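Tertiary structure, described
For reference, the chains in residue letters:
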Amino acid sequence: MAHDEEGWCVAMDGARMNCGIYETRPSVCRRFVMNGPYCHAVREEYAQERTRAIDLNLL
Ligand code: SF4
């Protein structure tokens, strides 16, 4: 998926902070395990590159 100028996926619903195309999201997104090892690695890499970290306190 393409990213916007802040690095978020263009399908991200910024107001609700969730996927705006969840029911039809790509297969790569369906395989991604939220809060799994790869998720944590991506978040850590993102936090090191950016001043704004992604909050892991998900509901
Ligand atoms: S689940 Fe996939 S399509 Fe949806 S916001 Fe995340 S990266 Fe984008």
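Source: prediction; values computed, not measured. (Residues numbered from 1 in each chain as written. Predicted model: local features only at pLDDT ≥ 70, side-chain atom pairs only at ≥ 80, totals over all residues.)

Check the secondary structure of the protein and you find two helices and two strands. Per-residue burial for the protein yields a buried fraction of 0% across its 59 residues. (Helix = DSSP H or I, 4+ residues; strand = E, 2+ residues; numbered from the N terminus. Buried ≥ 20, exposed ≤ 12 C-beta atoms within 10 Å, placed from the backbone.)

Every residue lining the ligand is accounted for by Met1, Cys9, Ala11, Met12, Cys19, Ile21, Arg25, Pro26 and Cys29. Here the shell around the ligand is composed, by residue class, of eight nonpolar, no polar and one charged. (Near = placed C-beta within 6 Å. Nonpolar A, V, L, I, M, F, W, Y, C, P; charged D, E, K, R; others polar.)

The pLDDT averaged across the protein works out to 84; a share of 83% of its residues lies at or above 70. Looking across the protein, the model is least confident in helix α2 (residues 37-49), with a mean pLDDT of 86, and most confident in helix α1 (residues 27-31), with 93. (pLDDT = per-residue confidence, 0-100.)

A few words now on unusual backbone geometry. Within the chain, Met17 stands out as a residue other than glycine whose phi angle is a positive 55°. Tracing the sequence through the fold places Met17 in the loop between β1 (12-13) and β2 (18-19). By C-beta crowding, Met17 is classed as exposed, having 12 other C-beta atoms within 10 Å.

Take α2 next. Spanning 13 residues, α2 covers 19 Å between terminal C-alpha atoms, matching the ideal 18 Å at 1.5 Å per step. Sparse coverage of α2 is indicated by the burial of zero of its 13 residues. (Expected span 1.5 Å × (residues − 1).)

Structurally, the position occupied by Val10 is in the segment before β1. We classify Val10 as exposed; it has 10 C-beta atoms within 10 Å. Between the C-alpha atoms of Val10 and Gly20, which are ten residues apart in sequence, the distance is 8.9 Å.

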